[in-house]
Amino acid sequence: MTPPRMVECSFLIPIYRDTQLSDGEPHTIEAWYWLKDRLWDAFRGATIAPGLYHGFYEDPDSGDQIQDKSRKYIIALTDDAASLDLLRDLLCDACSVFHQKMIYLSISGRVEFIRGANHDTS
Amino acid sequence: MTRAEPYTDLKGRPIFLTDLDPEELALVDDLRNRAESHPDWNDFENYWTQAVGSFYDARGVPRVESRRTAVYRIAEDLGGRLAVEAGLASLPDYRDDLERLIQDEFSTRREFCAATGLSEDMLSHVLAHRKQFGIDTLAKALDRIGYQLRITREPGRTASKQ
């Protein structure tokens, strides 16, 4: 039997809450526990790349240049729509838990920005 | 580590080891040693998830169950301590407790607000870490649903008299 084709996915979780949606401070450990638990249940794990990823991007609402530091998660998934949608749904929820407007997701080098369901800037 | 002494997590909650078998106790010891000798948060997270995952997978324990074990919760807490010590995460506060209370006892934030008299708008700001509730406001709201605020000592700290 041919093993299922796998794809490498990676995503970035900034270590600070968004300054417009929230206060720009580090997440509580509860937020990181939430992510760990979800990855544990749904995907049986992930690898965290060493160190932090420093970057900058243009805020889609204000146009301001934002600098951030992120943890990078790497995960191998079967190359089918159900598995990839499961990861997209998780990251959509993560936008809310980590107070982010969007989360960077790369699927075999193809980049998507996953937005939260409740993009609240009030 | 022995079964007699419970592990105390970052929130001051005891995790009892009485039901752990010798192999689980040895794994807890290994994780504690690893956290001490390799205090890099990411490194430790990769280490413990592999160690704990393979340990319980080999025993045929489903992931949703292994996540509830004392070993998993201790490993998670050890990782949390490394993150806090490195300044990469903060300790949970009353907002985390509020979120959990809403999830556990109410269907929606709206239902929680109706029961407590808190405004949905203010709750949204507070849970987003943009504003704080006044102590009186929060105490009265919690009293309406049978909860109360309590002052507790931070785990591992003694009272500063300065």
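Residues numbered from 1 in each chain as written. Chains lettered and ligands numbered in written order. Predicted model: local features only at pLDDT ≥ 70, side-chain atom pairs only at ≥ 80, totals over all residues. Heavy atoms only, no water.

1. Structural notes on the domain arrangement of chain B
The parts lose accessible area when they come together, and the size of an interface is often stated as this lost area. The test is simple: Here the bounds of each domain stem from an automatic or database domain assignment.
Each assigned domain of chain B is listed here: domain 1 (7-85) and domain 2 (94-144). On a C-alpha basis, the centroid separation for the pair domain 1 of chain B and domain 2 of chain B is 32 Å.

2. Brief notes about the pattern of salt bridges
Between side chains of opposite charge, a pair can form when the charged atoms approach closely. Residue and element names in this part refer to chain A. The cut-off we apply is this: One side-chain nitrogen of Lys or Arg within 4 Å of one carboxyl oxygen of Asp or Glu is enough to make a salt bridge. By definition, any uninterrupted DSSP run of H or I lasting at least four residues is a helix, any uninterrupted run of E lasting at least two residues is a strand, and each is numbered from the N terminus.
All told, the structure shown has 22 salt bridges over all chains when counted by the stated rule. Put simply, lysine 101 and aspartate 61 hold a salt bridge, and the shortest N to O gap is 3.2 Å. Taken together, the positions of lysine 101 in the loop between helix H2 (81-97) and strand S5 (102-107) and aspartate 61 in the loop between strand S3 (53-58) and strand S4 (65-78) put the pair 40 residues apart, joining distant regions of the chain. It is possible to trace a salt-bridge network through shared partners that takes in Asp85, Arg88, Arg110 and Glu112.

3. Focus on the packing of aromatic side chains
By convention here, two paired aromatic rings are described through the distance between centres and the angle between planes. Residue and element names in this part refer to chain A. Counted only if it meets this: Two rings belonging to Phe, Tyr or Trp (six-membered ring only in the last case) form a pair when the distance between their centres is within 6.5 Å. Interplanar angles under 30 degrees mark stacking, angles over 60 mark edge-to-face geometry, and anything in between is tilted. Exposed residues in this analysis have more than 50% of their type's maximum accessible area, buried residues have under 20%, and partly exposed residues fall in between, with area computed by a 1.4 Å probe over protein chains only.
A full pass over the atoms with the stated rule returns 10 aromatic pairs over all chains. With a centroid separation of 6.5 Å and an interplanar angle of 70°, the aromatic rings of tryptophan 34 and phenylalanine 98 are classed as edge-to-face. With tryptophan 34 in helix H1 (residues 29-43) and phenylalanine 98 in the loop between H2 and S5, this residue pair connects regions lying 64 residues apart in the sequence. Tryptophan 34 gets classed as partly exposed once you look at its relative accessible area, which sits at 22%. Classification of phenylalanine 98 by relative accessible area gives buried; the value is 0%. Ring geometry for tyrosine 104 against phenylalanine 113: centres 5.7 Å apart, planes inclined by 80°, an arrangement best described as edge-to-face.

4. Description of the nonpolar core
Short version of the rule: Definition of nonpolar core: a set of buried residues of the types Ala, Val, Leu, Ile, Met, Phe, Trp, Tyr and Cys, connected through side-chain atoms within 4.5 Å.
Residues Cys9, Phe11, Trp32, Leu35 and Leu87 of chain A together with Leu31 and Val52 of chain B are the most contacted members of the largest nonpolar core, which totals 55 residues. Leu98, Leu101, Phe106 and Ile145 of chain B belong to the second largest nonpolar core, which has 15 residues in total.

5. A short note on the pairing of S5 of chain A
Residue and element names in this part refer to chain A. Our working definition: When DSSP finds at least two bridges between two strands, those strands are taken to pair.
Note: strand S1 (residues 6-14) against S5, three bridges, orientation antiparallel. Each residue of the ladder has a partner; that of serine 10, found in S5, is serine 106. Pairing between S5 and strand S6 (residues 110-115): six bridges, direction antiparallel. In the strand pairing of S6, isoleucine 103 is matched with isoleucine 114. The hairpin formed by S5 and S6 contains two residues between the paired strands, and serine 108 there has a positive phi angle of roughly 50°.

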